[in-house]
Each structure stands twice: as C-alpha cells, then as structure tokens.
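Take a look at the letters that make up each chain.
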Amino acid sequence: MEATTAAPKKRILSCIQPSGIPTLGNYLGALKNWKTLADEFDGAFAVADLHAITVRQEPAQFRKQINDVLALLLAIGLDPDQSILFIQSQVPAHSQLAWILNCYTQFGEMSRMTQFKDKSQSHADNVNVGLFAYPVLMAADILLYQADLVPVGADQKQHLEIARDIAQRFNTLYSPTFTVPEPYIGKQGARVMSLQDPLKKMSKSDPNPKSYISVFDAPDVISKKIKSAVTDSEGSVRFADGKEGINNLMAIYACCTGLTNEQIEADFAGKGYGDFKAAVAEAVIEELRPIRERYERYSNDKAYLKEVAAQGAERASRVANRTLQKVMKKIGFVLP
Ligand code: ATP
Ligand code: LTN
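Note that residues are indexed from 1 along each chain, following the sequence as it is written. Each chain takes a letter, starting from A, and each ligand takes a number, starting from 1, following the order in which they are written. With the structure being a predicted model, the display of local features is reserved for residues of pLDDT at least 70 and the display and counting of side-chain atom pairs for 80 or more, all residues being used for whole-chain, interface and lining totals. Side-chain figures throughout are based on the complete set of non-hydrogen atoms in the structure, without hydrogens or water.

Colleague: Help me out: how do you make sense of the overall build of the chain in this one?
Modeller: Helix and strand assignments follow DSSP, with helices taken as H or I runs no shorter than four residues and strands as E runs no shorter than two, numbered in order from the N terminus. In terms of helices and strands, the chain carries 13 helices and 5 strands. Each radius of gyration is computed over the set of C-alpha atoms, and the globule rule expresses the reference value as 2.2 Å times the number of residues to the power 0.38. A compact globule built from 336 residues should have a C-alpha radius of gyration of about 20 Å, and the chain, at 21 Å, falls within 12% of that. When its C-alpha atoms are laid out on the principal axes, the chain stretches across 70 × 55 × 50 Å. Across the 336 residues of the chain, 51% fall into the buried class. Considering only intrachain contacts with a sequence separation of at least 6, the fraction spanning at least 24 residues in the chain is 76%. The protein chains shown are the only cover counted for residues, whose accessible areas, like all others here, come from Shrake-Rupley with a 1.4 Å probe. With an accessible surface of roughly 16,200 Å², the chain has 53% of that area assigned to carbon and sulfur atoms. Note on classification: 1.4 Å probe, protein chains only; a residue is buried when its accessible area is under 20% of the maximum for its type, exposed when over 50%, partly exposed between these limits. Working rule for contacts: check all heavy atoms of both residues, and any pair within 4.5 Å makes them a contact.

Colleague: Explanation requested: the site of ligand 2 in the structure shown.
Modeller: Nearness is judged by heavy atoms alone; a residue qualifies as near a molecule or strand once a single heavy atom is within 4 Å of it. In the vicinity of ligand 2, 13 residues are found, and the nearest of them are H51, Y134, M138, D141 and Q156. Whenever a nitrogen or oxygen atom comes within 3.5 Å of another N or O atom, the pair is scored as a polar contact, on the condition that within protein one atom can donate a hydrogen and the other can accept it, and that pairs from neighbouring residues in sequence are kept only if both atoms are in side chains. Within the side chain of Y134, one N or O atom sits 2.7 Å away from a nitrogen atom of ligand 2. In isolation ligand 2 offers 360 Å² of accessible surface; the protein chains occlude 92% of this area. Of all the secondary structure elements, the ones that give two or more residues to the shell around ligand 2 are strand 1 (11-16) and helix 7 (129-144). Ranked by residue count, the leading element in the shell around ligand 2 is helix 7, at 4 residues.

Colleague: Which parts of the structure should I look at to understand helix 3 (residues 59-75)?
Modeller: Helical periodicity: at 3.6 residues per turn, an α-helix aligns residues three or four positions apart in one direction. Taking 1.5 Å as the rise per residue, helix 3 with 17 residues should run 24 Å; its terminal C-alpha atoms sit 24 Å apart, in good agreement. Within helix 3, the full set of buried residues consists of F62, Q65, I66, D68, V69, L70, A71, L72, L73, L74 and A75. A helix is expected to reach a length of 1.5 Å times the quantity of its residues less one.

Colleague: Looking at this structure, how should I read the side chain of S194?
Modeller: Inspection of the secondary structure assignment puts S194 in the loop between strand 5 (182-184) and helix 9 (219-227). Classification of S194 by relative accessible area gives buried; the value is 2%. Engagement of the side chain of S194 in a polar contact is seen with the backbone nitrogen of Q196, the distance being 3.1 Å. Here the side chain of S194 touches D197 through a polar contact of 2.9 Å, landing on its backbone nitrogen. The residues contacting S194, other than those within four sequence positions of it, are K200, K201, M202, S211 and N248.

Colleague: Would you explain the side chain of S203 in this entry?
Modeller: Among the secondary structure elements, S203 is positioned in the loop between strand 5 and helix 9. For S203, a relative accessible area of 18% corresponds to the buried category.

What follows is the structure, encoded as structure tokens:
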C-alpha cells in the first residue's frame, strides 16, 4: 500500500491590540473562535502593541495592558506549547516588513479605510502617519506567517481585503511569495454593538464605560451595564429592523447560550425587557466567569508571562524571518 502523508495543517494568525481592557465584543467576535480554531489549525496569536501606539498610551498603563492581554490569551485556553503566542514588538520582522509593504501600497487605497476615517475623527488632535498606515502593518503581521485564515470580527474585513491585495500585487510583481489570506468571520458575535449606541460597534477605547462590558467586569457591574443598555419603547423581545438595542442583546444572549433568535423570542414571549435583560446579564456573567478566574491566576505570575512571551517571540521570529528574507532577496536587497 502506498504511504499517505497527512496534508500540513493550515495556518491561522490573529492579533488583538492592548489598547484597553478587551470587551465582550472582542471576546465573542474574535477570541472565542481563536480557542476553537487553535485546536484544528497551526495557530499564531499576538498582542498587537505596535498597532496600539497609533493612539497615545500612558507608558505604565500600556505596559500593564500588554501583560494583561497576554494573560487573557492564556485565560481563554490558548496553549503556548501548541500555538505561537507572542508580543508583536518583540518580533522586529513586523516593523521591517511593514516598511517594505508601505512602498507597495497606494495612498488612495489607504484613504478609503473606514477605520482610519473613524479614528481620525475620534482622535482629531493626533492623526498620525501610523494611524494611516495601520492596515499595512496588519498586512505584514498576516503575510509574515503565510496565514491561510485570519479570524477577526466583521469590522476588520476591509483591512483583510487590503492585505489580500498587497499579497497579490507583490506575488504578481515578483513571483509567488505570500499566501493570500482568507478572513474567518464567525456567524455569531461578529459585530457586537455598543450598549449605549447600538449603531456603533462596542469598543474598548470608547470613552463611556457604560457602552461596553469588559471581560474582567465584576458580575454586579455586568448586571448594571446590561440593565442600562439602550433599547426601544415597544417592550417585546423580537429581532427586527429599528430594534437595534434588542437585536444586539439577543445576539449576545444567543452567543452565550447557543439559542436561536426564534427560541429566544418564544422563551420571552409576553415578558418585558426587565426579565430579558436579567437573563442576558446572567448568561454573560457565566460565560466570562471562568475566563476571569483563570486570568487572575496568570496575570499575577509575571515570570511565567515573560517566559511565554520569550518562547513565543523566538518561535514567531523563526517563521517571520524566513518570509522577510525571501521578500528582501526578491526585491534586490543585499543580504548580510
Ligand atoms: P479599539 O477599540 O482600541 O480600536 P478594537 O477592540 O476595535 O480596538 P482590537 O483589539 O484590535 O480592536 O480587536 C481584536 C479583535 O476583536 C478583532 O478581530 C476585532 O475584529 C474584534 N472586535 C473588536 N470589536 C468588536 C465588536 N464590537 N464585535 C465583534 N468583534 C469585535
Ligand atoms: N487591526 C486589528 C488587530 C490586528 C490584527 C492583525 C488582526 C492587528 N494585526 C493581524 C488580525 C491579523 C483589529 O482588530 N483592530
């Protein structure tokens, strides 16, 4: 009989910025899928600290947030011996490839990015070049690892398209160099909205803490925030246009319980928003409880976090440097 060799596992890569305490949106839209995908694919997951300095960070707080997000990656169950877990700035190839790719990206295509337009409004006093070039650094993150799949929330779809365009452009100009990545956007939770303005996405850098649930919020805080979530005056729990607040709470509830919208509507028929909000709060509290408990353990163990980051940076650099060398050679740089 002919020997069969197993096809190599596909590679996935994703990152999260340490720009604040991650929210329920980050969790349901991205992190929750990472754990599932990490068991099936070859995973690399990073704390995108270079992306986070596109807005001002206070140094001591920033350092803490970077460690906290690394601890969170462990708390959601990612295994540093199975997946590569690393801090982006500890792998210099990201900055190096980003510069190179800047020179293969057009000003016009960057100007169309909706995140840039939004952020240049919310940070009007600091519209820096990094904020503009942010998607190119993200493309470098992805392309360095030859990622096949990139699990992200729906807000990142446009950035993924740019990463694909840049990869294809480079491959056409030279010869096949980069894997062209596909986005992986979950069916549920891909776009969790703000509790105070359900037309805006829930964001950890929102100045109003009532608009988001942080993954480390205590149970009573979660209950209060959900109780004060903006809804409508109709008073019936059903998914419909114009009921964005309720639609959002239903989506959150569905993600945490596995119920469908129809089941939720049937369960809450004839009941008011008070009952529904109490049930949503309970489901969110139970969903986040084990993560919060494991996070407490990891975040206090600084020596372990340092060790995880060092091991991750070494493994990540090995993969990333291979791609970077290939790119530099094709462009015509003189390699040492
Ligand atoms: P910031 O608010 O500082 O801009 P962010 O939370 O939007 O940050 P990241 O930390 O980089 O951005 O996001 C990490 C992951 O979480 C990404 O995959 C992103 O798509 C996802 N994500 C962010 N916000 C939401 C949301 N409201 N709903 C679903 N997924 C989200
Ligand atoms: N821009 C992303 C975070 C991010 C990312 C990446 C996601 C940075 N580099 C690479 C996937 C792959 C965001 O969610 N705001």
